[in-house]
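# Coordinates in review
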Amino acid sequence: GRVLGSAVMITAAFAGAMLSMGFVLLIAQRVRQMPLLVVSGVMIGYICSAVTDFVITFAEDSNIVNLHNFSGISWDNIRVMTPVVLVSLVCVFLLSKPIGAYQLGEGYARSMGVNIAAFRVVLILLSSVLSACVAAFAGPISFVGIAVPHLAKSLFGTAKPILMIPACFLGGAGF
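Values in this document were obtained by computation on a predicted structure and should not be read as measured data.

## Some words on the packing of aromatic side chains
By convention here, two paired aromatic rings are described through the distance between centres and the angle between planes. What the rule picks out here adds up to one aromatic pair. Aromatic pair Y102 and F119: ring centres 5.3 Å apart, planes at 50°, arrangement tilted. Linking Y102 in helix 5 (residues 96–103) with F119 in helix 7 (residues 116–138), this pair joins segments that are 17 residues apart in sequence. According to the relative accessible area criterion, Y102 is partly exposed, its value standing at 27%. A relative accessible area of 5% places F119 in the buried class.

## Details of the pattern of salt bridges
Side chains that differ in sign of charge can pair as their charged atoms come close. In this structure the tally under the stated criterion is two salt bridges. The partner of R110 in a salt bridge is E106, with the nearest N and O atoms 3.7 Å apart. Pair noted here: R110 and E106 are both in helix 6 (residues 106–111), with a separation of four residues, about one helical turn. A relative accessible area of 32% means that E106 is categorised as partly exposed. Of the charged contacts, one joins E106 and R120 as a salt bridge, the two residues approaching to 2.1 Å between their closest N and O atoms. With a gap of 14 residues between them, E106 in helix 6 and R120 in helix 7 connect regions that are remote in the sequence. A single network of salt bridges, built from pairs that share partners, joins E106, R110 and R120.

## Side note on the nonpolar core
V92, L95, I99, A101, A109, V114, I116, F119, L126 and I165 together form the largest nonpolar core, which totals 10 residues. With three residues, the top contributor of residues to this core is helix 7. One finds I10, C133, A136 and F137 within the second-largest nonpolar core, a separate group that totals eight residues.

What counts, and at which threshold
Residues numbered from 1 in each chain as written. Predicted model: local features only at pLDDT ≥ 70, side-chain atom pairs only at ≥ 80, totals over all residues. Heavy atoms only, no water. Phe/Tyr/Trp six-rings, centres within 6.5 Å; stacked < 30°, edge-to-face > 60°. Helix = DSSP H or I, 4+ residues; strand = E, 2+ residues; numbered from the N terminus. Buried < 20%, exposed > 50% of the residue type's maximum accessible area, 1.4 Å probe, protein only. Salt bridge = Lys/Arg side-chain N within 4 Å of Asp/Glu carboxyl O. Core = buried A, V, L, I, M, F, W, Y, C linked by side-chain atoms within 4.5 Å.

The following block contains the structure:
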């Protein structure tokens, strides 16, 4: 991170996210059983963890500290990450109505004019960009992305995207 810079770290993390997402989508096309798809996703996660551990083995000690905590984050990193996160937040807000329609099912969303294929691609890209920002600067803290939306949904008692989007952004940042 100190050698390459913030933008390259986000780009590399995004490339890794897209590569692993590509594997998940490739498997999803062939596997129709949900439990097998979940197991496949877990396997891909472990493969990514193994690659990370392999890279850590050859990394310098001063660079390893950046992987597991915020002590290595500088204001330059924040200056790079902030516009990426803000643009992603605006894009997610613009998708709040299609997300709400999609929550009611693909058929309903399609009848409301949502292009399902394009919608999925945009959601995957946005989630990968945001995950890349987190992974590039805070390390692999994936449990936050899993836990916070469920906690926010329980706290507010709703799944409406217009409320859940800021709740998840702020809750994830706070957590």
